[in-house]
Amino acid sequence: MTGADVPFLPRGVRTQFDAVRKVDVLLGPERVLVLDQVGTAVLGRLDGVASLDQISADLSSVYDAPVDVIAPDVIAFVEDLRDKGMVHVHPR
Amino acid sequence: MSIRVDPPMAMLAELTHRCPLACPYCSNPTELLAKETELSTEAWADTFKQAAKLGVLQLHLSGGEPASRRDLVELVAAAREAGLYTNLITSGIGLTERRLHALDEAGLDHVQLSLQGVTAAMADRIGGYKGGFDRKMHVAEIISNIGFPLTLNAVMHRENLDDLPATIDMALRLGARRIEIACVQFQGWALVNRAALQPSRAQVDAAKKTVARAVEALRGRLVIDFVPPDYYSDFPKACMNGWGSTGLNVTPNGTVLPCHAAETIPHLQFDTVTERKLYDIWYDGAAFNAYRGTDWLPELCQGCERRDIDFGGCRCQAMAVLGDASAPDPVCRKSPGRKALNALLAEEVQEVEAPEFVFRR
């Protein structure tokens, strides 16, 4: 994947607050992922419109961190979720 | 020593044992529960609520064939209302277009469709149901049109393991997002047919290569989960990810089990949702605490570096093969029970014709 890709959560994949464990979780077919603060921040921005570059830039300004540090982590995180079938990417 | 018990993540609800198919590898018990003993709609709905409150996130609606329950749509609606991610595990038989649309409206999250073979001849023979394959293909098309995320659950064994490449192609053709290549695990009725179902080592080696190639080639297109035939493994599966650690199972009459096959262990005592709260069953039930954690494991396992990886393996397998549920899983190469498993393999896996299947009829 590259920064130009536009990812989104497909049907059947959703985030939910787990009231018992007090964490955000990502639920999908046969998969549960417990999200940390960064995971929640990234997934909350997968709207099917923003590219990964735009998402990294946004996170960079919100968390006041250099974009070249954030961007590779964001791509790696989303790519791993794509390989698990939890994220889809709009065809370019 | 006290064991830290976390809330469960997943619950398998076996809504019914009724099923139009008669697969020789069925892992349900040899004695099935009758319709009259099944929990009511309200009892299931209440169990779903209790499960969500307990911490369950994912609900798998299974059977038998869950579509044999006339109240399936109501049950899905109740599960979603409780906040559960709801997965339907089905053969497709009994699902009409109208019913699938109703399930969509009820909020069903995911469909797992079983596959008995890639041709009508094979599938209908294995399922023991003529015309089943054609109906399944029709159901798959409707599932795809509605847009449900689809997992194809291909149960593989001696007769169809060589069709694995065609099976993966079929998952792509049906628009599945995920395929579960599940080599038969020997529990329940499947034990009756073990010799007929057990693949050969050559078949297993070829299948592993096919899977490894497909995982690479289809990355990002199809998720592939492979459950190997564990008699050929060196180490046991981490069954249930550890007894009483992650998941629970409710049978059609409301009996709550630490795993699907736990009733094969004769000395265990089980609670039912009709008599006790799910919360108390999970934390205090005798059966759940019987093999929880690792303190109960024999000395051999205590000193093993894999102790916290596979937790001594599958209790029901130790029971089935060795007659002792507290022994290390006989799949383990380090365990004394491995000899018995090797003897079974040597005796049952012959190059010549496999024995005929015994169907559940």
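What counts, and where the lines are drawn
- Residues numbered from 1 in each chain as written.
- Chains lettered and ligands numbered in written order.
- Predicted model: local features only at pLDDT ≥ 70, side-chain atom pairs only at ≥ 80, totals over all residues.
- Pairing = 2+ DSSP bridges.
- Helix = DSSP H or I, 4+ residues; strand = E, 2+ residues; numbered from the N terminus.
- Axes fitted to C-alpha atoms, helices over the stretch in contact; angles between N-to-C directions.
- Contact = placed C-beta atoms within 7 Å.
- Nonpolar A, V, L, I, M, F, W, Y, C, P; charged D, E, K, R; others polar.
- Left-handed = near helix turned anticlockwise from the far one by under 90°.
- pLDDT = per-residue confidence, 0-100.
- Core = buried A, V, L, I, M, F, W, Y, C linked by C-beta atoms within 7 Å.
- Buried ≥ 20, exposed ≤ 12 C-beta atoms within 10 Å, placed from the backbone.

> Got a minute to help me understand the sheet that holds strand E2 (residues 14-18) of chain A in this structure?
Strand-to-strand pairing in sheets goes through backbone hydrogen bonds, with the strands running parallel or antiparallel. Residues and elements named next belong to chain A. Read from one edge of the open sheet, three strands run E2-E3-E4, paired in antiparallel fashion. Of all the strands in the sheet, just E2 and strand E4 (31-35) have a single pairing partner and so form its edges. Averaged over all adjacent pairs, the angle separating strand axes in this sheet is 30 degrees, with direction ignored. Judged from the five bridges that link them, strand E3 (residues 23-28) and E4 form a sheet pairing that is antiparallel.

> Would you mind showing me how to read the interface of chain A and chain B here?
Quoted interface sizes are often the accessible area lost when the parts come together. Listed by partner, the interface residues are 15 residues for chain A and 17 residues for chain B. When contributions to the side of chain A that touches chain B are tallied by element, the ones reaching two or more residues are E3 and helix H3 (67-83) of chain A. Looking at side-chain class alone, the side of chain A that touches chain B contains six nonpolar, two polar and seven charged residues.

> What is the right way to look at the packing of helix H3 (residues 97-106) of chain B against helix H5 (residues 132-146) of chain B in this model?
Packed helices, taken two at a time, are described by the angle between their axes plus the distance between the axes. Residue and element names in this part refer to chain B. The geometry of H3 relative to H5 is characterised by a closest axis approach of 10 Å and an angle of 35 degrees between their N-to-C directions. Considering the relative orientation of H3 and H5, their crossing is right-handed. Of H5, the residues touching H3 (which contributes Glu97, Leu100, His101 and Asp104) are Ile142, Ile143 and Ile146.

> Help me understand the confidence of the model for chain B in this model?
Any segment with low pLDDT has predicted coordinates that should not be analysed in fine detail. A residue-level look at chain B finds 99% of positions with pLDDT of 70 or above and a mean pLDDT of 94. Predicted complex, confidence summary: ipTM 0.93, pTM 0.94.

> Would you mind going over the pairing of E2(A) with me for this structure?
Along any regular strand the residues' side chains alternate between the sheet's two faces. All names here are of chain A. Sheet analysis places E2 next to E3, joined by five bridges and oriented antiparallel. Across the sheet, residue Gln16 finds its bridge partner in E3, namely Val25. Linking two consecutive strands that pair antiparallel, namely E2 and E3, is a turn of four residues; a positive phi of about 60 degrees is found at Lys22 within it.

> Explain the nonpolar core here, please?
Among soluble globular proteins, nonpolar side chains are generally buried collectively. One finds B:Leu59, B:Leu84 and B:Leu152 to be the most contacted residues of the largest nonpolar core, which totals 112 residues. Those residues in contact with B:Leu152 that sit more than four places away from it in its chain are B:Leu113, B:Leu115, B:Met170, B:Ala171, B:Leu174, B:Ala176 and B:Ile179.

> Is there a simple way to think about the environment of B:Leu218 in this case?
Looking at the secondary structure, you find B:Leu218 in the loop between helix H8 (201-217) and strand E7 (223-227). For B:Leu218, a count of 15 C-beta atoms within 10 Å translates into the label partly exposed.

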